[in-house]
Amino acid sequence: MFKAIVSAETLKTALDSVSVLVDECKIHLNEDGISIRAVDPANVGMVDLSLDATAFESYEADGGLIGVNLTRLEDIAGMADSGQLIELELDEETRKLHIQIDGLEYTLALIDPDSIRQEPDIPDLDLPAEVVIEGKDIDRAVKAADMVSDHIALGVDATDDQFYVQAAGDTDDVHLELDDGDLIDLQSGDAESLFSLDYLKDMNKAIANDGEVTMELGEEFPVKLHFEIAEGSGNVTFMLAPRIQSD
Amino acid sequence: MFKAIVSAETLKTALDSVSVLVDECKIHLNEDGISIRAVDPANVGMVDLSLDATAFESYEADGGLIGVNLTRLEDIAGMADSGQLIELELDEETRKLHIQIDGLEYTLALIDPDSIRQEPDIPDLDLPAEVVIEGKDIDRAVKAADMVSDHIALGVDATDDQFYVQAAGDTDDVHLELDDGDLIDLQSGDAESLFSLDYLKDMNKAIANDGEVTMELGEEFPVKLHFEIAEGSGNVTFMLAPRIQSD
Amino acid sequence: MFKAIVSAETLKTALDSVSVLVDECKIHLNEDGISIRAVDPANVGMVDLSLDATAFESYEADGGLIGVNLTRLEDIAGMADSGQLIELELDEETRKLHIQIDGLEYTLALIDPDSIRQEPDIPDLDLPAEVVIEGKDIDRAVKAADMVSDHIALGVDATDDQFYVQAAGDTDDVHLELDDGDLIDLQSGDAESLFSLDYLKDMNKAIANDGEVTMELGEEFPVKLHFEIAEGSGNVTFMLAPRIQSD
C-alpha cells in the first residue's frame, strides 16, 4: 500500500538528486518515508536519498518496493507548477503508479525492481577532514575547473586551515582557497583527492546554490557530500570515488 | 486598395492561428476586415480566421485578394515590439505589400493567389456536445497526452456530464476529466473521437492560456474549436478531422 | 608590470568589442590604460579599443605587451557577476596572467604576441558625412536587412538631409530613412557605400542598444563607427571596408 500527496517542488528536488546518476531506480516505500540508494553504471558515483513522511502533505505506506523510470517520473512531475500538489497511489495488482495533478491522471507502468542494478552499500568512512560549504561555492569551483580540465582536486590544508580546489589544464590552472571566514564550518585535517569532473558536475546540478553542503574528505579517498532537501525533511548523500593521482 | 494600421500584437496573434497549419495563404481584404481560410496539405486540419476592421487602428479595403508567405510576414511582424504599430499598404501595380514599422519600410513580394492551395469549405456540422473550456486546460491535456501517445481521444460522457481526454500509450496512460465545475460551460451529449496529437499541438500553440475555447464534439466526427482574438474583434475556428479508432 | 582591478561588466564590454572580430589579440598595457587594435583574417573589419586607467578600480602598468586568447578570457570574465570585481596580475617570468574573482584564481597562459596577426593601422579618412545615431536604430536596421540580403547599403542624402539604410533581396527590400529629428546629429554630405552584413551584425553585437554611435560615411568608402564604453572611460572604433556595388 502506498498513497501520498507531495508538492511538485519537493518531488522534483528529490528525484533530481538521483536522476543525475541513474535513469532507473528502486524506491523503498517505508512507513516513515521513502528512500532510494543508487550507483551509476561505472560504480563511481553513489547516492543515498531519504525523504521523510513529514515532507509530504499526506503519506501512507507499508514497506513496499517499486522500480521506476526516473526520467519519465521527472517529466510527469515537470508538468506541475512548483506550488501544485502531486498525488501518488500505487495499484498493487496492476503494478502501476497513479499520479494525479489537479484532475489530470497519469498511469505510470512500474519496472520490475529485480531488473534494476543492485543498490550499493554506502560505506562508513572515517574521513579526517570535514568542510561545510555553501552550494554556490561548489558551483563556482566546478564551473571554473571545467574550463581547464576533466579532473578536480579537493583538499584541506591542515596547517593553514584551508579548504582548496585545484584543477590543472594543459596551459591554464584554476585554484580556489576558502578559509574559516569563507566556509560555514571546517574540521581541519590533511586531505586531498582527485575526482572526475563529470560526476561532480552532475552532482552539483542537484545542489541548491543557497544550500549548505557538508563535505567529508580524505587522502586519496572518496568524497562524501551531504545536504538537506525539503526544508530538512529529506537528506541526500553523494559519494564519489577518487581518481588515482598521477604525478 | 488596401491600407491599414494594426498593433503588432494583434497582427502576430492573427497570423499565428493560420501559420500553425500552412506556410502560405490567401488573405481576403474585405471592406469590413480581413479573412483567411486554409487547410493543411493532408486535408486534416482547417482554419477559418476573420479579423474585423475594428481590430485595426485604421482600415481601408475594397475587396481584393492577396497571397502571402506567412512565415515571412510573421518574421517581419516579429521585428516590432508588441505595442508598436504596423502599417500595411498594398501597391496594386507591383503586387507588393509595403510594411512600415516606425520608419522602417519592408517591401514584401506577394504570391500569386492561384498558386496557393484552394481554400476549404468548412462544413456546418450539427454536433451533439459542446464544451467551453479554458485554454490552459487544453494546453495541459495536450502536453500530458504527448508524453505517452501520438493520438488523443476527446469525449463527453452524457451520463456523468463530463468532458474527458484520454491518451493510451504502450505502457502508460493519461486521463483528464473535467465536469461542470471545471468547465466554463457544458452542453452534454455522448461524443468521443480520436485525433492526431500533432495537429492538436499545433492548434494549441495559437490558443492563449487565459482564453476561452468553445469545442464542438461528436461520435467519430471532426472537432471544432472556436475562440476570439483581438479582444473579440477577431474569430478563429479550427476544424480537425478524426482518426479511425481501432479497438 | 601589470596589476589591475576592474568590474566584470567593464571588462566584458571591452573584450566583446574586440572578440566580435578576432579570437586572439595583443593588449598594450600602457601607463594610462590598455589599448587593443585588431583586424579580422580577411582584412575587412578593424577595431581600435582604448580603456583608460580611470575605467579600472585600480591600475598599474609600465608599457608591456601581452597576447591573449580572447575567447578564453571572455569565458573567465563570464564566471563573474556583473557587479563583481576581477583582479588581473601579470607574472612576467612565467608569462601567465593571474585572474582573481572573489577568491577564485585562474592562471591564464599567454600567447606569444609575435604569433598573433599584425595590428592594423587604422587610416584617417576625411569622410564627407557624419551621423550620430542610437544603437537601437543600428540594431533594427541590421536585423531587418538580414531578412532579405547579405549586404546593406548605408548612405546620406545631402539634399534631403537624411541618413538611409537599404537592403535589396531577390524579391523583398528593406529601407530605413532617418532625418534630423530621428538622429542625435547629422553632418550632411552625399555618401553611400555597400557593406557585408555579416561584419555589421558582428559589430552590432558590441553596440549597446541605449548607446550613441558616431558613424562616418563616404562614397564607396569604409564606414567608421565610434562609441564610448565604461561610461566614457573607454572608446571603440570599428572600421569596415566597403563592398564594390554592382549595378
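Because the structure is a prediction, the values reported are computed rather than measured.

J.: Would you explain helix α4 (residues 197–205) of chain C in this entry?
T.: It helps to recall that an α-helix has 3.6 residues per turn; residues three or four apart then point in one direction. Residue and element names in this part refer to chain C. Among all positions in α4, only L197, Y199, L200, M203 and N204 are buried. Each buried residue of α4 lies within a common arc of 160 degrees when the element is viewed along its axis, so the set occupies one face. What points out from α4, more than 90 degrees from its buried face, is the exposed set D198 and K205. Elements that come into contact with the buried residues of α4 comprise β4 (45–52), α3 (135–146), β11 (151–157), β15 (191–196), β17 (223–229) and β18 (234–240). By the N-cap criterion, in which a side-chain oxygen at the helix start approaches the backbone nitrogen of a residue two or three places on, α4 is capped by S196, the distance to D198 being 3.4 Å.

J.: I would appreciate a short explanation of the UniProt feature "domain: Proliferating cell nuclear antigen PCNA C-terminal" (unreviewed entry) in chain A in the present structure.
T.: According to UniProt, the "domain: Proliferating cell nuclear antigen PCNA C-terminal" (unreviewed entry) feature falls on residues 122–242 of chain A. This span, residues 122–242 of chain A, is 17% helix and 46% strand, and a straight line between its end C-alpha atoms measures 15 Å.

J.: How should I be thinking about the relation of the copies chain B and chain C in this particular structure?
T.: The operation relating the pair of chain copies consists of a rotation about an axis and a translation along that axis. Note on the copies: chain B fits chain C at an RMSD of 0.0 Å, the axial shift is 0.1 Å, and the rotation between them is 120 degrees. On this basis, the relationship between the two copies can be described by a three-fold rotation axis.

J.: Would you mind going over the side chain of D137 of chain A with me for this structure?
T.: Residues and elements named next belong to chain A. Among the structural elements, D137 can be located in helix α3 (residues 135–146). Judged by relative accessible area, D137 falls into the buried class, the value being 5%. Setting aside chain neighbours within four positions, we find D137 in contact with L176, L178 and D182.

J.: Teacher, can you tell me more about the nonpolar core here?
T.: Burial of nonpolar side chains together is a common tendency in soluble globular proteins. By size, the foremost hydrophobic cluster in this structure holds 240 residues, and its most contacted members are F163 of chain A, F163 of chain B together with F163 of chain C. Residues within four places of F163 of chain B in sequence aside, it is in contact with V131, I133, L154, G155, V156, L176, E177, L178, L183, M215 and L217 of chain B.

J.: What exactly am I supposed to notice about the interface of chain B and chain A here?
T.: Interfaces are often described in size by the accessible area the parts lose on coming together. Listed as interface residues are 12 residues of chain B and, on the opposing side, 14 residues of chain A. At the boundary of chain B with chain A, total buried surface from both sides reaches about 1100 Å², with 52% on carbon and sulfur atoms. Looking only at chain B, the three residues that lose the most surface to chain A are R140, M147 and D172 of chain B, adding up to 51% of its buried area. For the pair chain B and chain A, the interface holds 2 salt bridges. For the salt bridge of R140 of chain B with D102 of chain A, the shortest nitrogen-to-oxygen distance reads 3.9 Å. Summed over the shared surface of chain B and chain A, the result is 9 residue pairs in polar contact (both at pLDDT 80 or more). Those elements giving two or more residues to the side of chain B that touches chain A turn out to be α3 (135–146) and β13 (173–179) of chain B. Here the side of chain B that touches chain A gets 5 residues from one element, more than from any other, and that element is β13 of chain B. Here the side of chain B that touches chain A is composed, by residue class, of 5 nonpolar, 2 polar and 5 charged. The pairing of strand β9 (residues 104–109) of chain A with β13 of chain B spans 4 bridges and is antiparallel. Bridge pairing in β13 of chain B places L104 of chain A opposite L176 of chain B.

J.: When you look at a negative patch on the surface in this model, what are you seeing that I'm missing?
T.: Side chains of D160, D161, E177, D179, D180, D182 and D185 of chain A sit close together on the surface and give a patch of like negative charge. Here E177 of chain A lies in strand β13 (residues 173–179).

J.: Explanation requested: the domain arrangement of chain A in the structure shown.
T.: Residue and element names in this part refer to chain A. What the domain assignment lists for chain A is domain 1 (2–113) and domain 2 (129–240). Its C-alpha centre places domain 1 at a distance of 28 Å from the equivalent point of domain 2. Of the residues lining the interface, 20 residues belong to domain 1; the matching set on domain 2 comes to 15 residues. Here domain 1 and domain 2 share an interface that buries about 1300 Å² over both sides, 64% of which is from carbon and sulfur atoms. For the pair domain 1 and domain 2, the interface holds 0 salt bridges. At the boundary of domain 1 and domain 2, one finds 6 residue pairs in polar contact (both at pLDDT 80 or more). Contributing elements (two or more residues each) for the side of domain 1 that touches domain 2: α1 (8–19) and β4 (45–52). Within the side of domain 1 that touches domain 2, the residues separate by chemical class into 10 nonpolar, 6 polar and 4 charged.

Quick notes on the rules
- Residues numbered from 1 in each chain as written.
- Chains lettered and ligands numbered in written order.
- Predicted model: local features only at pLDDT ≥ 70, side-chain atom pairs only at ≥ 80, totals over all residues.
- Heavy atoms only, no water.
- Buried < 20%, exposed > 50% of the residue type's maximum accessible area, 1.4 Å probe, protein only.
- Helix = DSSP H or I, 4+ residues; strand = E, 2+ residues; numbered from the N terminus.
- Arc of directions from axis to C-beta.
- Contact = heavy atoms within 4.5 Å.
- Polar contact = N/O pair within 3.5 Å; in protein donor to acceptor, adjacent residues only side chain to side chain.
- UniProt positions renumbered as here; feature names shortened; annotations may be inferred.
- Least-squares fit on C-alpha atoms with pLDDT ≥ 70 in both.
- Core = buried A, V, L, I, M, F, W, Y, C linked by side-chain atoms within 4.5 Å.
- Buried area = accessible area lost by both parts, 1.4 Å probe.
- Salt bridge = Lys/Arg side-chain N within 4 Å of Asp/Glu carboxyl O.
- Nonpolar A, V, L, I, M, F, W, Y, C, P; charged D, E, K, R; others polar.
- Pairing = 2+ DSSP bridges.
- Patch = residues over 30% accessible without salt bridge, like charges linked within 9 Å, V, L, I, M, F, W, Y side chains within 5 Å.
- Areas by Shrake-Rupley, 256 points an atom, 1.4 Å probe, with all protein chains shown as cover.
- Lys, Arg positive; Asp, Glu negative; His and termini not counted.
- Charge placed at Lys NZ, Arg CZ, Asp CG, Glu CD.
- Domains from an automatic or database assignment.

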